[in-house]
Amino acid sequence: MKIRGALKEFSKYASLNVMGMIGLSCYILADTFFVSKGLGANGLAALNLAIPIYSFIHGSGLMVGMGGGIKYSVLRSRGGSGTVFTNAIYLAAVLAAVFVLIGLFFTEGILTLFGAEGTVLNMSVTYLRVLLLFAPAFIANNLILCFVRNDGAPQLSMAAMITGSLSNVVLDWVFIFPCGMGIFGAAFATGLAPIISMAILSVHFIKKRNGFRIVKTAPEPRLCVGILSGGVPSLVTEVSSGIVIIVFNAIIMGLEGNIGVAAYGVIANISLVVIAVYTGIAQGIQPILSRSCGEGNVGDMRAVLRYALIAMLAVSAAVYSAVAFGAPGIAAVFNSEGDPALQSIAEYGMRLYFTACPFAGFNVVISAYFTSTEAPLPAHIISLLRGFIVIIPAAFLLAFAAGMTGVWLAFPVTEMIVCGAGAVFYSGITRKHRSLNERG
C-alpha cells in the first residue's frame, strides 16, 4: 500500500469510527443531560454512582469485539479466519451472564459500597439494575460492530452506532418528560439503543456480505485466550474510566459531598466522550494495522500510526480550547438548578482535568498500535498503569496534599507518566523492527 493510499484508508476508517464512537458515548451523556434537567442534582449524583459499572459492561464487549476483530483480520490476511467469531460469541455469552446475575442479586450492595444512600441510593439502584439486565445487548452490539468493521463495512458500523445513539437521545426525552418514567426511563432508553444498533447491523447478514459466521464447534481455549489477550487493553481502557470514577467519587464524597459528586459527574461524562473520540481513532487504525502486520508491511504500520497521532493532537487541542474558554457554559448546561457550588467546582475541575488530553490520547492510540500488531504485552502494561497502578495512589496522595485541586490533577499526572512509558515501549519496538529489516 502506498503512503497516499494509507492516508486515504486511515481517513476513511478513523473518521467513520470517531463519529460512531462519539455516537456510542452519547448513550450516557444524553442520560446525564436529561437526568440533570428532569431530576436535578440528586439524579445527577445517582447517575454518576452507577456509570462505572457501565464502563465494565462496555469494556467487556470491546474486549471480546476488538480481540476477536484483530484475530479475524490477521488470520484472514494469512488465508483463513476459521472459528474466531463463534469463539468470540462463547466468551460474550459468559460475560453477559455474569453481568445479568450481578444485576439480579448484587446491585444494591455494590452501590451502598460506593457510598450511595437515601434518595440517591434508590435512584442509582433503579438505573444500574436496568443497565445490567441489558448487558447481553451491550456486549453483543460491541462484538458485532467490531467484526462488521473488520469485514470491510466501516460505514455500516458507524451508521449503527450513530442510529443507536440518536434513538437513545430521543427515547430519553420521551421516557423522562412526556411519559414521566424518571430515572428508569433514562436507563430503559439506554438499554434499547444497542438493540436498535444491532437491527441496523443485521443488513450485513441479510444481504450476505459477511465473511464471518457461526459455525458448529466446541470452545477452543487457545483461540479464546488469544481473543482475550488482544482485547484486554480495550477492556482496561474502558474499565479504567470506571475505576477512576469510583475512586474519585469516594474521595470527592468526603471532600464536597453529593454536590461535589454531581459536579464530577459533569466532568466524568464529558471525559467519556473525549476518550471515545481517541478510541474511535484507535479502532479506525486497527483493521489497517492488523492487515499490514499480517503482510509484514512495517512502513504502512508506521505511516498509519503517524496519521493517528496527528489526528489525536488536533482533537486534543480542540477539546482543551473548548474547555478552557467554554467551561462556564458547559457546566451550566448540566446545572439545571443553578447551584453555585456545583457550577464553581465543575468549572475549576474541567480546566485542570482536561490538561490530560494529549497524554491520554497518545496512550489510547499507542495501546491500539501494540495490540493490532500482535505485541500485546506493552499494551497490557500501559493499560494497567493507566487504570490501576498509577491513578489510584495518585488520586489519594494528591487529594491528601491539595484537596480538590489534587483530585483534578491526578488524571493528567497519571496520563503524563504513562505516556513516557508508552514512548519507551514504542522506541524498543521500532529498534526491533529496524534490526529485522537490516537482517532481511
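The structure displayed is predicted, hence computed values, not measured ones. For every chain, the first residue of its written sequence is number 1, and the numbers climb from 1 along that sequence. Only residues with pLDDT of at least 70 get local features here, since the model is predicted, and only at 80 or more are side-chain atom pairs given and counted; chain-wide, interface and lining totals rely on the full set of residues. Hydrogens and water are ignored here; the side-chain numbers use all heavy atoms of the structure.

## Some points on the overall build of the protein chain
Consideration 1: The helix count covers DSSP runs of H or I at least four residues long, the strand count covers runs of E at least two residues long, and both are numbered beginning at the N terminus. Secondary structure summary: the protein chain contains 14 helices and zero strands in total.
Consideration 2: When the helices and strands of the protein chain are listed from N to C terminus, the series reads α-α-α-α-α-α-α-α-α-α-α-α-α-α.
Consideration 3: Relative to its length of 440 residues, the protein chain is compact, with a C-alpha radius of gyration of 21 Å against a globular reference of 22 Å.
Consideration 4: The dimensions of the protein chain, computed from C-alpha atoms along their principal axes, are 65 × 45 × 35 Å.
Consideration 5: Split into buried and exposed, the 440 residues of the protein chain put 58% on the buried side.
Consideration 6: Only heavy atoms enter the contact rule, under which two residues are in contact if any of them lie within 4.5 Å. If you take every contact in the protein chain between residues at least 6 apart in sequence, the share linking residues at least 24 apart comes to 83%.
Consideration 7: Each accessible area value is a Shrake-Rupley result obtained with a 1.4 Å probe; residue values ignore everything except the protein chains displayed when judging cover. Accessible surface for the protein chain amounts to roughly 16600 Å². Of this, 69% is attributable to carbon and sulfur atoms.
Consideration 8: In summary, the charge assignment counts Lys and Arg as positive and Asp and Glu as negative, without counting His or the chain termini. To locate a charge, take NZ of a lysine, CZ of an arginine, CG of an aspartate or CD of a glutamate. Of note, the protein chain has its 25 positive side-chain charges centred 17 Å away from the centre of its 17 negative side-chain charges. Only C-alpha atoms enter the radius of gyration, while the globule expectation follows 2.2 Å times N to the 0.38, with N the number of residues. Under the scheme applied here, a residue whose accessible area is under 20% of the maximum for its type counts as buried, over 50% as exposed, and between as partly exposed, the area being computed with a 1.4 Å probe on protein chains only.

## Focus on the state of the cysteines
Consideration 1: Cysteine sulfur atoms are paired as a disulfide whenever they fall within 2.5 Å. Taken as a whole, this structure holds zero disulfides when the rule is applied.
Consideration 2: No disulfide involves C146; its nearest neighbouring cysteine sulfur is the one of C224, lying 16 Å away.
Consideration 3: You can call C224 buried: its relative accessible area is 11%.

## Things to note about helix α2 (residues 84–105)
Consideration 1: Working rule for helices: expected span equals 1.5 Å times residues minus one. Across its 22 residues, α2 extends 32 Å between first and last C-alpha, which sits within 8% of the 32 Å expected from 1.5 Å per residue.
Consideration 2: Those residues of α2 that sit buried are V84, F85, T86, N87, A88, L91, A92, A96, F99 and G103.

## Describing the packing of aromatic side chains
Consideration 1: Aromatic contacts are taken between Phe, Tyr and Trp rings whose centres are within 6.5 Å, Trp giving its six-membered ring; a plane angle under 30 degrees counts as stacked, one over 60 as edge-to-face, and the others as tilted. Counting across every chain of the model gives 21 aromatic pairs.
Consideration 2: Judged by centre distance (5.9 Å) and plane angle (85°), the rings of Y72 and F212 are edge-to-face. Of this pair, Y72 sits in helix α1 (residues 3–77) while F212 is found in the loop between α8 (203–206) and α9 (221–295), placing the two residues 140 residues apart along the sequence. Summarising the burial analysis for this pair, Y72 and F212 share the class buried.
Consideration 3: Ring pairs connect the aromatic residues F248, Y264, Y353, F354, W408 and F411, which therefore count as one cluster.

## Remarks on the pattern of salt bridges
Consideration 1: Note on definitions: salt bridges are taken to be side-chain nitrogens of Lys or Arg within 4 Å of carboxyl oxygens of Asp or Glu. All told, the structure shown has one salt bridge when counted by the stated rule.
Consideration 2: Between E415 and R386 there is a salt bridge whose closest N-O contact spans 2.9 Å. Taken together, the residues E415 in helix α14 (residues 391–439) and R386 in helix α13 (residues 376–389) connect sequence positions 29 residues apart. The pair E415 / R386 is uniform in exposure class, with both members buried.

## A word on the environment of F134
Consideration 1: Mapping F134 onto the fold places it in the loop between α4 (118–133) and α5 (135–150).
Consideration 2: Overall, the relative accessible area of 16% leaves F134 in the buried class.
Consideration 3: Beyond its immediate stretch of four places on either side in the chain, F134 contacts F188, G191, L192 and I195.

## Some thoughts on the nonpolar core
Consideration 1: For this analysis, a nonpolar core means a set of buried residues of the types Ala, Val, Leu, Ile, Met, Phe, Trp, Tyr and Cys, connected via side-chain atoms within 4.5 Å. Residues F10, F248, Y264, M350, Y353, F354 and W408 are the most contacted members of the largest nonpolar core, which totals 133 residues.
Consideration 2: If one sorts the elements of this core by residue count, α9 sits on top with 31 residues.
Consideration 3: Leave out the neighbours within four places in its chain, and Y353 touches V244, F248, Y264, I267, S271, W408, F411 and P412.

## Considerations on the side chain of T371
Consideration 1: Locating T371 in the fold gives a position in helix α12 (residues 357–372).
Consideration 2: Given a relative accessible area of 8%, T371 falls into the buried group.
Consideration 3: In contact with T371, not counting residues within four places along its chain, are I70, G230, P233 and A379.

## Quick word on the confidence of the model for the protein chain
Consideration 1: pLDDT measures how confident the predictor is about each residue, on a scale from 0 to 100. For the protein chain, per-residue confidence averages 86 on the pLDDT scale, and 93% of positions sit at 70 or higher.
Consideration 2: Mean pLDDT across the secondary structure elements of the protein chain bottoms out at α1, with 78, and peaks at α2, with 95.

## A short note on the environment of L62
Consideration 1: Counting through the fold element by element, L62 comes out in helix α1.
Consideration 2: The sequence separation of L62 and Y72 amounts to 10 residues, and the corresponding C-alpha distance is 14 Å.
Consideration 3: Excluding residues within four positions of it along the chain, L62 makes contact with G67, N142, C146, S234, E238 and Q283.

## Looking at a nonpolar patch on the surface
Consideration 1: Where nonpolar side chains cluster on the molecular surface, the patch consists of L101, L104, F105, F106 and L133 and spans about 530 Å² of accessible area.
Consideration 2: With three residues, the top contributor of residues to the nonpolar patch is α2.
Consideration 3: Along the chain, F106 turns up in the loop between α2 and α3 (107–113). Residues with no salt bridge and a relative accessible area higher than 30% make up the patches, which join like charges within 9 Å and nonpolar side chains (Val, Leu, Ile, Met, Phe, Trp, Tyr) within 5 Å.

## Remarks on the packing of α12 against α13
Any two packed helices are characterised by how steeply their axes cross, that is the angle between the axes, and by the distance between the axes.
Consideration 1: A fitted line through C-alpha atoms represents every axis, and for helices the fit uses only the stretch in contact; the resulting angles, taken between N-to-C directions, go from 0 to 180 degrees. Where α12 contacts α13, the two axes come as close as 7 Å, and the packing angle between them is 150°. Put simply, α12 runs roughly antiparallel to α13. Our pair here, α12 against α13, has a crossing hand that is left-handed. Seen from α12, the contacting residues are A360, N363, V364, I366, S367, F370 and T371; seen from α13, they are P376, P378, A379, I382, S383 and R386.
Consideration 2: For the contact of α12 with α13, the residue count by class is eight nonpolar, four polar and one charged. Each angle is binned into one of four classes, with values under 35 degrees roughly parallel, values over 145 roughly antiparallel, values of 65 to 115 roughly perpendicular, and all other values oblique. Note: crossing handedness is left-handed where the near helix turns anticlockwise from the far helix by less than a right angle, and right-handed where it turns clockwise. Classification used: nonpolar for Ala, Val, Leu, Ile, Met, Phe, Trp, Tyr, Cys and Pro, charged for Asp, Glu, Lys and Arg, polar for all others including Gly.

## Notes on the packing of α9 against α12
Consideration 1: The geometry of α9 relative to α12 is characterised by a closest axis approach of 7 Å and an angle of 40° between their N-to-C directions. Of the possible angle classes, the one that applies to α9 and α12 is oblique. By crossing handedness, the relation of α9 to α12 is classed as right-handed.
Consideration 2: Taken together, the residues that form the contact of α9 with α12 break down as 16 nonpolar, eight polar and no charged.

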